[in-house]
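Descriptive structure summary
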Amino acid sequence: NDLCDLEMDKLNPEKLENPLPSGEISVREAMTVIYVSGVAGLVLSLLAGIMPFILTVTYMVLFLSYSNPTIRLKKRFLIKEGTLTVGLFLAIIIGSVAVGSLTPTVAFLGLFVSIVPFVGSPAFSDRQDMKEDKKFGVITLANVLVWKRQLEMLIAFVIVFMMLTPLTYVNLGLNAIFPIISVFLSLLFLRFLFPVIVKYEYEGWRKAFKSGMIYWFGIQIAFILGSLPIFL
């Protein structure tokens with residue numbers, strides 16, 4: 001994807017210093033990494049079993065279609081976001097199938113990990129690429145929705161997730177650590193989202209972005225701690 005977006009990234013001040021746009025890594029070196037890691041990934045998935053291998057091949061085909069200049073799913077409205085959502089969910093499923101533990105709890109985690117980027121990318125990651133996306137014909141929610149709608153979509157998800165976790169954690173086989181951390185991180189994230197909902201402001205956006213990263217990774221850590229055999 002970075003190779004296919006190389007010309008776009010050269011126009012983006014946020015990505016200009018990345019290894020490929022800056023020339024620190026050549027296209028040939030990048031292709032070598034792609035081939036080696038791709039083959040290694042397929043071999044390792046095959047060693048884990050037929051089903052992990054099939055799912056891994058599906059994942060690779062999906063994201064090759066996302067980036068390939070001919071198919072370029074990235075340019076198709078909503079399919080771009082949908083591809084990322086399906087891909088992230090598929091990654092969780094691949095891991096769970098590989099270790100033989102596909103449970104409702106894992107599926108719930110997969111939904112969280114995949115939906116957060118869908119509702120959050122318009123206001124955060126895609127917002128950094130708006131000018132380049134327009135120039136190269138990539139239509140994203142960031143370019144279609146006004147700033148307030150982008151934030152409202154994200155805030156609505158965080159509130160729903162925060163309300164669901166205390167009601168569902170027992171049914172998912174998790175201990176009370178999970179909802180405690182989840183509610184705390186949700187409130188923390190909302191604390192930085194509400195001040196910038198009316199009008200985009202860079203410093204406020206940066207703080208919200210950083211808190212969003214803490215939220216995304218923190219909830220995943222909460223899943224791990226919540227799955228420990230601690231009776232709370």
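Given the structure is predicted, the values throughout are model-derived calculations rather than measurements. (Residues numbered from 1 in each chain as written. Predicted model: local features only at pLDDT ≥ 70, side-chain atom pairs only at ≥ 80, totals over all residues. Heavy atoms only, no water.)

Moving on, we get to the packing of aromatic side chains. Applying the stated criterion to the full structure yields 19 aromatic pairs. Look at F112 and F161: their rings are 4.8 Å apart centre to centre, the planes differ by 40 degrees, and that puts the pair in the tilted class. Of this pair, F112 sits in helix α6 (residues 104–120) while F161 sits in helix α9 (residues 147–168), and the two are 49 residues apart along the sequence. With respect to burial, F112 and F161 carry one shared label: buried. Taken together, a centroid distance of 6.1 Å and an interplanar angle of 20 degrees make the contact between F157 and F161 stacked. (Phe/Tyr/Trp six-rings, centres within 6.5 Å; stacked < 30°, edge-to-face > 60°. Helix = DSSP H or I, 4+ residues; strand = E, 2+ residues; numbered from the N terminus. Buried < 20%, exposed > 50% of the residue type's maximum accessible area, 1.4 Å probe, protein only.)

In this section: the nonpolar core. F112, F178, L193 and Y215 are the most contacted members of the largest nonpolar core, which totals 34 residues. The element best represented in this core is α9, accounting for 8 residues. F178 has contacts with F108, F161, T165, Y169, I219, A222, F223 and G226, leaving out every residue within four places of it along the chain. (Core = buried A, V, L, I, M, F, W, Y, C linked by side-chain atoms within 4.5 Å. Contact = heavy atoms within 4.5 Å.)

Attention now goes to the pattern of salt bridges. Opposite charge on two side chains makes pairing possible when the charged atoms of those side chains draw close. The tally for this structure, following the rule as stated, stands at 7 salt bridges. Between D126 and K80 there is a salt bridge whose closest N-O contact spans 3.2 Å. With D126 in the loop between α6 and α7 (130–135) and K80 in helix α5 (residues 79–98), this pair connects stretches of sequence that are 46 residues apart. With relative accessibility at 5%, the residue D126 sits in the buried group. E152 is paired through a salt bridge with R149; the nearest N and O atoms lie 2.9 Å apart. Of the two residues, E152 and R149 both sit in helix α9, 3 residues apart, roughly one turn of that helix. (Salt bridge = Lys/Arg side-chain N within 4 Å of Asp/Glu carboxyl O.)

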